[in-house]
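Residues per chain are reported as follows:
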Amino acid sequence: MSESRGQAPFRVMGVVNVTPDSFSDGGLYLEPDAAIAHGLELDSSGAAILDIGGESTRPGAAPVSADEELSRVLPVIEGLVAKGAKAQISIDTSKAAVASAALAAGATLVNDVTAFRGDPEMAALVASTEADCCLMHMLGDPRTMQIDPRYEDVVVEVKSFLEERVAFAVAQGVDEGRIMLDPGIGFGKSVDHNLELLQRLDELVALGRPVAIGTSRKGFIGKLTGREMGERLPGTIATNVIAYERGARVFRVHDVGPVHDALSVAAATVTAPWRTPTSSTR
Ligand code: HH2
């Protein structure tokens, strides 16, 4: 599995939520040992990135202090590094103090769902440490974002927001080559908004930066299928395969192994390597 990690035309970002209240796995990995074991399992299932988060961003989630967030994520990052995880370590935070300590402990990617709007120190920190970053669109904040979100044209508005955040980051000294962009599925979006963003993802890909997508187990899949949280893997796979075909290249998911398999087949189909003779045809 690890051999293909560098060559695959996509990167799976495995979610490691060290929280009591995340929407799909809250409380499961609050103990450092459980979170480290889970991260290592995702690592060996093909995750190219492990995204470690200590604060839930689900609609209505309560904010967490920087100290509390750090006490959750730091032992996990340290443990994953000590145990030789091969994946890149990402810190899912909007606080510069948390990102700074995580980067010092071995993380090399900052996944900021506020796209550097949450903490005035964040952009300069990412610039000075030469970390990679993921800038995500969110309408409003997690407490209020799902209350009747409205757009004239969701894709045009998300695109111009992301364009503006790239310009801001670059003006703060961040290397543009280190930025990936994410439309923020479920962050201030109705079911129709999420579907339109997936359908027209190529318009965001046209910005020229790698596009990340996070649909895993989210509410719109439940609304479309009538499935509970634990039964949304087929819907998650469908959205990730469609997003791949539309140009997304980073896939933030809880179920790394199955999504990695699905994307491997999708990628092989899109690039059609079966046209070259192989030893096996079945
Ligand atoms: N979604 C969640 C959290 N962080 N980061 C990016 N870049 N894109 C996403 O779509 C995204 C994200 C929400 O998922 P999860 O971490 O499982 O839940 P919670 O925020 O409740 O911990």
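Everything here concerns the structure above.
Residues numbered from 1 in each chain as written. Predicted model: local features only at pLDDT ≥ 70, side-chain atom pairs only at ≥ 80, totals over all residues. Heavy atoms only, no water.

Draft legend 1. Quick look at the overall build of the protein. Scanning the protein from terminus to terminus reveals 11 helices and eight strands. Whereas a compact globule of 282 residues would reach a radius of gyration of roughly 19 Å, the protein reaches 18 Å, a difference of no more than 12%. Its C-alpha atoms give the protein principal-axis dimensions of about 55 × 50 × 40 Å. Sequence separation of at least 24 residues holds for 70% of the intrachain contacts in the protein that already meet a minimum separation of 6. If the 26 positive side-chain charges of the protein are averaged to one point and the 38 negative ones to another, these points end up 5 Å apart. (Helix = DSSP H or I, 4+ residues; strand = E, 2+ residues; numbered from the N terminus. Rg over C-alpha atoms; globule rule 2.2 N^0.38 Å. Contact = heavy atoms within 4.5 Å. Lys, Arg positive; Asp, Glu negative; His and termini not counted. Charge placed at Lys NZ, Arg CZ, Asp CG, Glu CD.)

Draft legend 2. Local environment of helix α7 (residues 191-199). Those residues of α7 lying buried are His 193, Asn 194, Leu 197 and Leu 198. Seen along its axis, α7 keeps its buried residues to an arc of 130°; they face one direction. Of the residues in α7, the exposed ones pointing more than 90 degrees away from the buried face are Asp 192 and Gln 199. (Buried < 20%, exposed > 50% of the residue type's maximum accessible area, 1.4 Å probe, protein only. Arc of directions from axis to C-beta.)

Draft legend 3. The environment of Tyr 29, seen in detail. You can see Tyr 29 is positioned in the loop between β1 (11-17) and α2 (32-44). What makes Tyr 29 buried here is its relative accessible area of 18%. For Tyr 29 and Glu 245, which are 216 residues apart along the polypeptide, the C-alpha to C-alpha distance reads 32 Å. With residues near it in sequence (within four places) discarded, Tyr 29 still touches Asn 17, Val 18, Ala 34, Ala 35 and His 38. For Tyr 29, the side chain forms a polar contact with the side chain of His 38, separated by 3.4 Å. (Polar contact = N/O pair within 3.5 Å; in protein donor to acceptor, adjacent residues only side chain to side chain.)

Draft legend 4. Inspection of the site of the ligand at higher detail. Around the ligand sit 17 residues in total, of which Ser 22, Ser 56, Thr 57, Asp 182 and Lys 218 are the nearest. Measuring from a nitrogen atom of the ligand, one finds a side-chain N or O atom of Asp 182 at 2.7 Å. Taking His 254, its side chain carries an N or O atom lying 2.7 Å from an oxygen atom of the ligand. Alone, the ligand offers 480 Å² of accessible surface; in the complex the protein occludes 98% of this. When grouped by side-chain class, the residues that make up the shell around the ligand number five nonpolar, seven polar and five charged. (Near = heavy atom within 4 Å. Areas by Shrake-Rupley, 256 points an atom, 1.4 Å probe, with all protein chains shown as cover. Nonpolar A, V, L, I, M, F, W, Y, C, P; charged D, E, K, R; others polar.)

Draft legend 5. Broad picture of the environment of Met 13. Here Met 13 shows up in strand β1. Sequence-wise, Met 13 and Thr 225 are 212 residues apart; in three dimensions their C-alpha atoms are separated by 24 Å. If near-sequence neighbours (up to four positions away) are discounted, Met 13 is found in contact with Ile 49, Asp 51, Ser 90, Leu 109, Asn 111, Val 250, Phe 251, Arg 252 and Val 253.

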